[in-house]
Amino acid sequence: MDIFNLTMNKVFLNLGKQPLANSFLTNVKKKTLDQEFFYNLKICFNTKNFLVSIQKPVNPKKQYTDKYAHRASESKTMRSAFKLVAKKLHKRFKPKKIMEIGSNDGVFLKNFDKKSVIAVEPCKNLAKITKKRFKTYDEFWNLKLSKKIIKQKKEKIDLIFSANTISHIPNLKETFMGINNILSDKGVLVIEDPSLQKVIKNNSYDQFYDEHVYVFSAIAIQNIVKNYGLRLFDVEQISTHGGSNRYYICKNNSKHKNTLRLKHNLISEKFLKLNTIESYKKFAKRVLSSKLRLVKLLRKLKKNNKKIISYGATYKSTTVFNFCKIDTRLIDYVTDTTVNKQGKYTPGMHLKIIAPNEGINNHVDYAFLGAWNFKKEIFQKEKMFLKRGGKFITHVPKVMIIDK
Ligand code: TMP
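Here is a short report on the structure shown in this document. Keep in mind that what you see is a predicted model, and the values were worked out from it rather than measured.

**Some remarks on helix α9 (residues 260-271)**
- With twelve residues, α9 extends 16 Å from end C-alpha to end C-alpha; this agrees with the ideal 16 Å at 1.5 Å per step.
- Taken together, the buried positions of α9 are occupied by Leu 262, Asn 265, Leu 266 and Glu 269. Seen end-on, α9 carries its buried residues on one side only, within an arc spanning 100°. Every exposed residue of α9 that faces more than 90 degrees away from the buried side is listed here: Leu 260 and Phe 271.
- Positive phi appears at Lys 273, one or two residues downstream of α9, with a value of about 60°.

Here is the structure:
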């Protein structure tokens with residue numbers, strides 16, 4: 001199956017010229033800006049397998065380098081979500097051998113006995129962290145790597161976990177062939193990725209950026225994995241990253257029964273017509289109107305001399321800022337807790353990133369929620385900002401001011 005079969009792929013949304021969401025700039029000198037890489041972010045729908053993807057994905061070697069900035073353990077929400085899912089999977093499947101594809105800084109794997117786990121992480125700076133604790137392969141996941149691991153370890157894997165990674169890999173054929181090869185007969189693959197259903201419902205078009213080659217639905221996952229001897233038997237809706245799905249996949253002949261929850265999810269996706277191009281065309285119209293409303297609001301506030309900043313130098317906000325052309329004329333700077341993002345500039349629109357203790361001060365009137373998916377955690381943390389009259393702006397599920 002050719003996933004990028006052009007005749008099947010219908011473009012429904014053009015988010016314009018975009019930089020790599022993770023390519024924070026160390027300075028804004030002309031030479032640096034001249035070298036900045038941009039690509040066209042067009043989103044398409046495959047009329048055969050119902051997969052939604054970027055029309056022309058960026059080469060992963062450009063993205064997952066030894067300078068990869070995202071640390072999964074950075075947020076309290078994610079640390080506790082990974083701890084919880086580790087416990088849950090251990091109880092449900094009792095795996096002896098566990099492997100994570102895209103293990104980042106080991107935030108999930110550290111919840112298991114270190115002798116039973118294998119980490120796969122192509123970003124060398126991250127793999128360096130987990131190498132201190134677990135067996136780590138600092139390579140891209142593919143069929144060849146699965147063969148190498150089987151040869152070295154002489155055993156198959158009972159639980160393969162992969163959060164926010166499978167949707168990043170253009171070559172799904174290699175990905176699932178490798179998984180089928182290394183998965184034990186009774187084994188389970190659990191993947192977590194942003195939910196297309198939530199994107200469409202929440203108008204969260206910023207889930208589309210270079211790393212999200214795909215935004216999966218259960219319908220599409222079911223169609224794809226069956227080409228590689230695998231079967232989707234359960235799906236769970238979870239709140240991480242603004243609404244994700246946790247897919248449970250096994251070998252075709254495995255004893256795991258398809259759950260009622262899977263059936264219900266498939267029904268609700270079909271009810272939303274995620275299997276027809278018309279829904280995506282309507283979504284594209286809503287995205288355009290969201291852009292117009294956001295820019296109009298920011299311009300109005302700026303005209304009234306309000307100080308607006310952005311909260312969280314997220315990958316998602318890279319899409320919003322570059323699509324809506326939001327630069328220093330509308331937003332003064334961005335705050336972020338990640339030390340290695342601080343002092344840098346956001347990709348494409350070049351907003352300065354500073355530490356929250358410096359940037360969230362009494363002069364700030366409005367903070368755009370770049371990290372809207374951590375809204376709960378942020379509101380908890382920023383009680384003082386809200387109490388003294390500070391307000392948040394969000395575009396999810398619609399453009400609005402939050403001043404509770
Ligand atoms: P992500 O949505 O791509 O995981 O990125 C979230 C970013 O937001 C990450 O760089 C950390 C930052 N952040 C803050 O600056 N303050 C916060 O309170 C939270 C939860 C995240």
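**A closer look at the environment of Arg 388**
- Within the secondary structure, Arg 388 sits in the loop between α14 (383-387) and β16 (391-394).
- Filtering out sequence-adjacent residues up to four positions away, Arg 388 remains in contact with Asn 361, Asn 362, His 363 and Val 364.
- Reaching out from Arg 388, the side chain makes a polar contact with the backbone oxygen of Asn 361 at a distance of 2.8 Å.

**Looking at the pairing of β16**
- In terms of strand pairing, strand β15 (residues 366-369) meets β16 through three bridges, oriented parallel. Within β16, the residue paired with Tyr 366 across the bridge is Lys 391.
- Sheet analysis places β16 next to strand β17 (residues 400-402), joined by three bridges and oriented antiparallel. Bridging from a neighbouring strand, Phe 392 pairs with Ile 402 of β17.
- The antiparallel pairing of β16 with β17 creates a hairpin that spans five residues between the two strands.

Criteria and thresholds
- Residues numbered from 1 in each chain as written.
- Predicted model: local features only at pLDDT ≥ 70, side-chain atom pairs only at ≥ 80, totals over all residues.
- Heavy atoms only, no water.
- Helix = DSSP H or I, 4+ residues; strand = E, 2+ residues; numbered from the N terminus.
- Expected span 1.5 Å × (residues − 1).
- Buried < 20%, exposed > 50% of the residue type's maximum accessible area, 1.4 Å probe, protein only.
- Arc of directions from axis to C-beta.
- Contact = heavy atoms within 4.5 Å.
- Polar contact = N/O pair within 3.5 Å; in protein donor to acceptor, adjacent residues only side chain to side chain.
- Pairing = 2+ DSSP bridges.

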